[in-house]
Amino acid sequence: MLELDLTSRVDLPAIEVLQALAERCNDGMLVFREDGAVALSSPYIRQLLQSDGGALLQLDKQMLLLTRESGSWNGSLPIGERVVIAHLTHYAHHGVSWYLALVHEIEGHKDYESQLLQRHAELRQAYLRLNGTQEKLLQSEKMASIGQLAAGVAHEINNPIGYVHSNLGSLQEYLRSLFTVIEAYERALYAPDPKQLLPEIEEIRTRLDIDFITRDLPQLLAESREGIERVTRIVRDLKDFSYSGRGESWRRVDLHAGLESTINIIWNELKYKVTLERRFAELPLVECLPSELNQVWMNLLLNAGHAIGERGNIVVATGQEGDMVWVECRDDGKGIAADVLKRIFDPFFTTKPVGSGTGLGLSISYSIVNKHHGRIDVDSTPGQGTAFRVWLPVNQPAAVTA
């Protein structure tokens, strides 16, 4: 039996020896650079490359990225009609990335392929269940947000309803006074001498202050119409937020309209301590799921409001760069510490007191933006404030909208 002494070291053999050993290797062995240049290969590897049109190194750039980040990668790879087990290792030398690939073909790959198809079907079913759960979670969080804002929304509705009700009372009195004057004019119209009733008519006009009613009535009606429109707008916005996204289709919308709708819903939560500034640029219509993006705007604006103490400012800005648009919500609140910043998108993570937050707002917002093939950038300085910038493509990939 040959005993290997790991404490005894000898110099590596010449490259000719290593290549000769590789030539006699039944399994696959490959040493290559990140640019695809091959330094050492075995016949089995060359056979695979030739049989699959040289696609082995092009199989998945993500695989090389994972190998570079973690140092190694293991997995099964379909190469043409074969299935192989591959083990990749990475080493960087003088700024050059080198990879060693060890490949072994799986016996009975037909059975293995059948198992893969079965596993794929199981994963697809699990994905569909997860997707359904995510939609229910999104809807639940949306309703929870509205529930937390219910008192403020009720106040926003009660105010215009209150002065519309008061205006209707005034309108009733005005109509009674106007009908009194009209009756006086009718009596004068049918009297033998109408001029004799002019003093009485003038006395009625002065007593009922008809001149004031004439001036106040148009303003009263305008205020009442404005109040009704305000209630209609709030109810419409609530309907948009409570709408389940399961049947919603992708369509092109004005992001500014969604932002204004969101601000209208949550304004009672912000108006007593926040000065809100809009810096809207000209944007194209964006292909999206509008009710889901409205949920993102709500979460960002509420978080900005909660980060502000007694008084502060929130700036909502928009812009476009190339085929991407962005929406930024910036506050001058307390900011986010570096150790917390890494976890803000984790599900159920919250820095709010118990009962004040679910910890799902930013996590769901991240999922929605990711679903739209966008991203969220965060810039925060403790004590100075935080800015969340949401990037969205103007056009979604055709496969998504289909």
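Our subject is the structure listed above.
Residues numbered from 1 in each chain as written. Predicted model: local features only at pLDDT ≥ 70, side-chain atom pairs only at ≥ 80, totals over all residues. Heavy atoms only, no water.

Enquirer: Can you break down the overall build of the chain residue by residue, with the values?
Expert: Of the regular secondary structure elements, the chain holds 12 helices and 12 strands. Here the chain holds 402 residues, and 37% of them are scored as buried. In the chain, of all internal contacts separated by at least 6 residues, the share reaching a separation of at least 24 is 64%. As displayed, the chain offers around 24,400 Å² of accessible surface, 55% of which is attributable to carbon and sulfur atoms. (Helix = DSSP H or I, 4+ residues; strand = E, 2+ residues; numbered from the N terminus. Buried < 20%, exposed > 50% of the residue type's maximum accessible area, 1.4 Å probe, protein only. Contact = heavy atoms within 4.5 Å. Areas by Shrake-Rupley, 256 points an atom, 1.4 Å probe, with all protein chains shown as cover.)

Enquirer: Give me the environment of Ser70: which residues, what numbers.
Expert: Looking at where Ser70 falls in the secondary structure, it is placed in helix α3 (residues 61-70). Of the polar contacts made by the side chain of Ser70, one reaches the backbone oxygen of Leu66; its length is 2.8 Å. A polar atom in the side chain of Ser70 sits 2.8 Å from the backbone oxygen of Ser72. (Polar contact = N/O pair within 3.5 Å; in protein donor to acceptor, adjacent residues only side chain to side chain.)

Enquirer: An account of the sheet that holds strand β10 (residues 324-331) is requested, with residue identities and associated values reported.
Expert: Strand pairing in a sheet is mediated by backbone hydrogen bonds. Such pairs are either parallel or antiparallel. Ordered in space as β7-β9-β10-β12-β11, the 5 strands form an open sheet in which the pairing is mixed. Looking at strand neighbours, the two that pair on one side only are β7 (274-279) and β11 (375-381), the edges of this open sheet. Sheet twist, expressed as the mean angle between neighbouring strand axes with direction ignored, is 15 degrees. As paired elements, strand β9 (residues 312-321) and β10 share 8 bridges and run antiparallel to each other. Opposite Thr318, over in β10, you have Val327 as the bridge partner. In the packing of helix α8 (residues 255-270) onto the sheet, the strands contacted are β7, β9, β10 and β12 (385-393), and the crossing angle to β7 comes to about 175 degrees. (Pairing = 2+ DSSP bridges. Axes fitted to C-alpha atoms, helices over the stretch in contact; angles between N-to-C directions.)

Enquirer: Just give me the short version of the environment of Arg375, but keep the residues and values in it.
Expert: With respect to the helices, strands and loops of the structure, Arg375 is situated in strand β11. Owing to a relative accessible area of 41%, Arg375 belongs among the partly exposed residues under this scheme. Distance in space between the C-alpha atoms of Arg375 and Trp326 is 9.5 Å, their sequence separation being 49 residues. In this structure, Arg375 is in contact with Val369, Arg389, Val390 and Trp391, ignoring residues within four places of it in sequence. Only 3.3 Å separates the side chain of Arg375 from the side chain of Asp377, close enough to count as a polar contact.

Enquirer: So, the nonpolar core: which residues are in play, and what are the values?
Expert: Leu255, Trp297, Ile314, Val390 and Leu392 are the most contacted members of the largest nonpolar core, which totals 41 residues. Leave out the neighbours within four places in its chain, and Val390 touches Val296, Trp297, Leu300, Val325, Trp326, Val327, Val369, Arg375 and Ile376. Core analysis: the second largest hydrophobic core is formed by 14 residues, Phe32, Leu64, Leu77 and Ala86 among them. (Core = buried A, V, L, I, M, F, W, Y, C linked by side-chain atoms within 4.5 Å.)

Enquirer: Quick rundown of the packing of aromatic side chains? Include the residues and the values.
Expert: Summed over the entire model, instances satisfying the criterion amount to 1 aromatic pair. Judged by centre distance (5.3 Å) and plane angle (15 degrees), the ring pair of Phe32 and Tyr99 falls under stacked. Of the two residues, Phe32 is situated in strand β1 (residues 28-33) and Tyr99 in strand β5 (residues 96-105); the sequence distance between them amounts to 67 residues. For the pair formed by Phe32 and Tyr99, the shared burial category is buried. The ring of Trp326 carries the charged tip of Arg389 above its face, separated from the ring centre by 3.6 Å. (Phe/Tyr/Trp six-rings, centres within 6.5 Å; stacked < 30°, edge-to-face > 60°. Lys NZ or Arg CZ within 6 Å of the ring centre and 35° of its normal.)

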